[in-house]
Amino acid sequence: MLNHLRSIVQEVNAARDLPAALNIIVHRVKEAMQTEVCSVYLRDGLGNFRLMATDGLNESAVGQVSLAAGEGLVGMVATREEPVNLEKAIDHPNYQYFPATGEERFSSFLGTPIIHQREVLGVLVIQQVAQRRFDEGEEAFLVTASAQLAGVIAHAEATGVLKRMGKNVQEARFKGVAGSPGVAIGRAVVISPTADLRGVPYKVCADVDAELAFFQECLGKARIDIKNVGKQLESRLNAQEQALFDAYLSMLDDASLGGEVTERIRQGVSAAYSWSEVILEHERNFSSMADPYLRERAADVRDLGRRVLAYLQESSKLNPEFPPNSILVGEELTASMLGEIPSEFLQGIVSVLGSGNSHIAILARAMGVPTVMGAVDLPFTQIDGREVIVDGYRGLIYTDPSDNLREQYDDIRAEELELVKGLEALKDLPCETPDKHRVPLWVNTGLMADVVRSLERGAEGVGLYRTEIPFLLRDRFPSEEEQRITYREQLEAFAPRTVTMRTLDVGGDKPLPYFPIAEQNPFLGWRGIRVTLDHPEIFLAQVRAMLKASEGLDNLRIMLPMITSISELESAKTLIHRAYFELTEDGYHIELPPIGVMIEVPAAVYQARELAARSDFLSVGSNDLTQYLLAVDRNNPQVADLYQAYHPAVLRALHQVVRDGHSQGTSVGICGELAGDPAAAVLLMAMGYDVLSMNATNLPKVKRAIRGITLEQAENILDEVMAQEDAESVNLCLERLLADGGYTRYLALSRKDGLKSGSH
Ligand code: PEP
Ligand code: MG
């Protein structure tokens, strides 16, 4: 059964469009379950469930029969959101007869809802003449099939919306997760890692003959490669294995893959896209074969596909084209991809994977670029060059927006600009409450571009310099001297203000391209301090570079990520002291910098007192702390709703850390994204946090929030908030209490109210 299901899903995945996908579903499910009818009903724009495909009922009824939610047996399955299994459907009070279907012959009925992301997309039904109840195994199979097919159907529906548009361009809306606030309107530029067959954007080619010649040229290069590899391995392979290389070469011929691709290019589709489509089709065909030998050939096709694709993409990589209003779109964008585009051209970002707490979203917030993450149903390869609106407040993307929608978003942008103008005036005013309580506002940095923005916005120090960012932007570890130069720039730019440099924090969702870490569970694996303590040579080089860079400035603090136990802190301190003594012996005039601990895991919350007693400062990394306290992967859009920064458990942990840190006379700050949320900042101030460190974009907003409320008022709000039992009530309580703060419109925007949604 499992094999059946796997091959059905694979086949459906390979379908050209939604109708083809639905037809495969009804035929293959009917066959696998040996029934007489299988049908799919999908919810239409009006919320009715329409018969979209059937194998067994009259074909002419397709598109004609439609039931409202709750109406008939199909409507009942949809409203109940669970299977309905009936021996004699006709006897059920909900039964409705549609003569067009010819279903009167069928007695038994089993219907299961097709649910994607909590929404009922449709209903999958099987029927039989014999009067019998489908058994448990059959019911379980249909439920499993519906669950697996839901995502595929949602995706095919979304792709269909785009493909249908053709000449009559039609607005479409896709949901994601809010990544970085703001609205951007521009042209989609789809980028993907080189030779990623699934990420090739759909493009047309203007000059078919030139494209055909280019394709042949790339095939020629690939042929030479394959022959060379074959020659190199000649002595080590037997005749049968050698034959594989000949098979590869013949696949490139006109009579095989080459010919199919040529055909598509002739229809005006770019060589890279045509090639990737043909390869993916063949790969799927091979993977679904029963014979294990043939199944394995899928890997050969894929390998060949990547090889040729790399050549096809080579020239576009050398001369990437970015319009001045680029919206960067990709399946899994990385920091180095961001680096490819001139920052003045970058208006917005859309990532199919990841969520609001992924590092790419954090970078986007630092740069003030509106971003939507986790747009899992966006057929991203189809939208290159199209006009797109990115709504980073509500996590929505619109393709080919109507004039009406664009105007609404233009209004929001105008309002944002007004808001920013008002905030600029705050730059030189201190961050203090009307009753003169000072709250130092620091910034989180990583890119050089952050420095100017931070200083312009009145940052009083750096609470987190993410040193992994310069590491991520290279293709090898930077040398000690290269690091020293980079760190010196940071320290100099902010001097005499303090700069808190975090030691290398890789692993989790921040793999270094040149230092791969393959793990089942990267967030619970080898990351942060665990990596650097296992590689003292990397740690020591980094610390020495920091210390040398601080000579004569003495504004450095060193901070350790992902500390889980006292011994890790002690080991790291020993190494730092060693580096310090060695350098002073070598004649450097450096002061030993304060050493601090990030509180990012629950273990550190419970040992905050002991950690505080052994360090110079604590800084809460609320991004990771929230993920570990709530057991919610910060990158996974599927559980993004469960990542609740205002969860009472998180708030209590934050409160506890500040009390325990202060009990040892140690200063406590916070450098997670929460500190940059104006409402949260008010709470953190009331809890007693000594420093709030955030992205430069949000700094003025936080300053305005704090300047508008007395410490006493903030403490009263905190008391009420801490009495709440879940994140929703904390949010409601905050909204009510802060309604008079003068930034309701901003809060409303950031809390995702506002526009009426568009079509789709
Ligand atoms: C955090 O976890 O809150 C933090 C500041 O570190 P990062 O987001 O870089 O993991
Ligand atoms: Mg962290």
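Notes on the structure in this doc start here. Only a predicted model underlies this, so the values are computations on that prediction, with no experimental measurement involved.

It is worth spelling out the coordination of the magnesium ion (ligand 2) at this point. Those protein atoms acting as donors to the magnesium ion (ligand 2) are Glu 600 (OE) and Asp 624 (OD), and they sit at 2.0 Å. You can see Glu 600 sitting in the loop between strand 19 (595–599) and helix 19 (602–606) and its partner Asp 624 sitting in helix 21 (residues 622–630), a full 24 residues away along the chain. On the basis of relative accessible area, Glu 600 is assigned to the buried category, the value being 2%. Here Asp 624 falls in the buried class, since its relative accessible area comes to 2%.

Moving on: unusual backbone geometry. A cis geometry characterises the amide bond from Ala 495 onward to Pro 496, with omega recorded as 5 degrees. Residue placement: Pro 496 occurs in the loop between helix 15 (480–494) and strand 17 (499–502). Although it is not a glycine, Gln 117 adopts a positive phi angle of roughly 45 degrees. Within the element layout of this structure, Gln 117 appears in the loop between strand 5 (108–116) and strand 6 (119–128).

Each regular strand carries side chains that alternate between the two faces of the sheet. When you tally the buried positions in strand 16 (residues 462–466), you get 5 out of 5 residues, the bulk of the element. Both strand 15 (residues 441–445) and strand 16 contribute to a ladder of 3 bridges, which runs parallel. Considered in strand 16, the bridge of Thr 445 is made with Tyr 465. Crossover strand 15 to strand 16 through helix 13 (residues 448–456) is right-handed. The sheet contact formed by strand 16 and strand 17 spans 3 bridges and is parallel.

With respect to topology, 6 strands assemble into an open sheet ordered 3-2-1-6-5-4, the strand pairing being antiparallel. Edge strands, defined here as strands with exactly one partner in the open sheet, are strand 3 (66–67) and strand 4 (84–86). Running at roughly 145 degrees to strand 1 (residues 37–43), helix 2 (residues 18–33) makes contact with strand 1, strand 2 (49–55) and strand 6 of the sheet.

Taken together, 16 residues surround ligand 1, and among them Arg 466, Arg 502, Glu 600, Gly 621 and Asn 623 come closest. At 2.8 Å from an oxygen atom of ligand 1 is found a side-chain nitrogen or oxygen belonging to Glu 600. Separating an oxygen atom of ligand 1 from a backbone N or O atom of Ser 622 is a distance of 3.1 Å. Across the complex, the protein chains shield 100% of the 290 Å² of accessible surface that ligand 1 would expose by itself. At the level of elements, helix 11 (359–367), strand 16 and helix 21 are the ones that each hand at least two residues to the shell around ligand 1. Tallying contributions element by element places helix 21 first for the shell around ligand 1, with 3 residues. A per-class count over the shell around ligand 1 returns 4 nonpolar, 5 polar and 7 charged.

The rules behind these values
Residues numbered from 1 in each chain as written. Chains lettered and ligands numbered in written order. Predicted model: local features only at pLDDT ≥ 70, side-chain atom pairs only at ≥ 80, totals over all residues. Heavy atoms only, no water. Donors = N, O, S within 2.8 Å, 3.2 Å for Na, K, Ca; no water. Helix = DSSP H or I, 4+ residues; strand = E, 2+ residues; numbered from the N terminus. Buried < 20%, exposed > 50% of the residue type's maximum accessible area, 1.4 Å probe, protein only. Pairing = 2+ DSSP bridges. Right-handed = clockwise from strand over helix to strand, strands pointing away. Contact = heavy atoms within 4.5 Å. Axes fitted to C-alpha atoms, helices over the stretch in contact; angles between N-to-C directions. Near = heavy atom within 4 Å. Polar contact = N/O pair within 3.5 Å; in protein donor to acceptor, adjacent residues only side chain to side chain. Areas by Shrake-Rupley, 256 points an atom, 1.4 Å probe, with all protein chains shown as cover. Nonpolar A, V, L, I, M, F, W, Y, C, P; charged D, E, K, R; others polar.

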